[in-house]
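Inside the fold
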Amino acid sequence: CTTAADAIWAASDATSGVLEVRYSNDGTFDTEPWEAPSSAKTWALSSGDSVKQVSYQVRDRAGHVTTTWASIGLDTAPPVTTPHLLGDRTGSGTFASEVTGSFTAADAGSGVASIRFRVDGGIWLEYDEPFTIRGDGPHRIESYGVDGAGNEESVIISDFAIATSLWNRLAG
């Protein structure tokens, strides 16, 4: 997670020339030092995920000051994904039928970009619709969400068993 931002600000003054610039996270230029202009600047944003307003002041060689601002969305938190397993359950929690898997996810920052999952150690797939798992025995679904800022949540593991025959249900 980072709370640093890279921004490109361009300043020019055809009459007297740009002398110096300064940056602010709160829009108040009370303690921010003036510095030589550069084509890019990296600086720390205030903490907490939200839209941040950053301000930029330019002073020309004649002493005129101009202020502008931009909004930067800070999102360091991953989404939260919830797996859902639907099917006929026995009293022990084993499924007595095929299982339909689906996911929901939420992200308060940049939104959910994708949900990825795999079944029984297979290849990772991008989730787009409910899927069906068949076959008696133990099964594992692994899943995680990715938000619009690229934050990935930790893998969520859902273990369950399917026993469709009476014998498998009694033995399992």
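Overview of the structure. All values derive from a computational prediction rather than experimental measurement.

**Comments concerning the packing of aromatic side chains**
Per the stated rule, a full pass over the model turns up nine aromatic pairs. For the pair Tyr 127 and Phe 131, a centre-to-centre distance of 6.4 Å together with 75° between the ring planes defines the contact as edge-to-face. Residues Tyr 127 and Phe 131 agree in their burial class; the two are buried. Each member of the aromatic cluster is reached from another via a ring pair, and the members are Phe 103, Phe 117, Tyr 127 and Phe 131.

**A look at the nonpolar core**
Leu 85, Phe 95, Val 99, Phe 103, Ile 115, Phe 117, Tyr 127, Phe 131, Ile 133, Ile 141, Phe 160 and Ile 162 together form the largest nonpolar core, which totals 12 residues. Of all the secondary structure elements, the ones that give two or more residues to this core are β7 (99–106), β8 (112–119), β10 (131–133) and β12 (156–162). Counting residues in hydrophobic clusters, the runner-up holds 10 residues, among them Val 18, Val 21, Trp 43 and Tyr 56.

**So, the pairing of strand β4 (residues 50–60)**
Within a regular strand, side chains alternate between the sheet's two faces. Pairing between strand β2 (residues 18–24) and β4: six bridges, direction antiparallel. Across the sheet, Glu 20 pairs through a bridge with Arg 59, a residue of β4. Of the strand pairs in this sheet, β4 and strand β5 (residues 65–74) are connected by 10 bridges, and their pairing is antiparallel. Note that in β5 the partner of Ser 55 across the bridge is Trp 69. Connecting the antiparallel pair β4 and β5 is a turn made up of four residues, with Gly 63 showing a positive phi of about 95°.

Rules used in this analysis
Here the residue numbering is sequential within each chain, running from 1 through the sequence in written order. Totals for whole chains, interfaces and linings use all residues, but because this is a predicted model, local features are given only for residues with pLDDT of at least 70 and pairs of side-chain atoms are given and counted only at 80 or more. By convention in this description, side-chain values take in all heavy atoms of the structure and omit both hydrogens and water. Geometry of aromatic contacts follows a simple scheme: Phe, Tyr and Trp rings, the Trp one being its six-membered ring, pair when their centres are within 6.5 Å, and the pair is stacked under 30 degrees between planes, edge-to-face over 60, tilted otherwise. Each residue is placed in one exposure class: buried if its accessible area under a 1.4 Å probe, protein chains only, is under 20% of its type's maximum, exposed if it is over 50%, and partly exposed if it falls in between. Nonpolar cores were defined as sets of buried Ala, Val, Leu, Ile, Met, Phe, Trp, Tyr and Cys residues, with membership established by side-chain atoms within 4.5 Å. Only DSSP runs of H or I with at least four residues qualify as helices, and only runs of E with at least two residues qualify as strands; both kinds are numbered from the N terminus onward. Only when DSSP finds a minimum of two bridges between them are two strands counted as paired.

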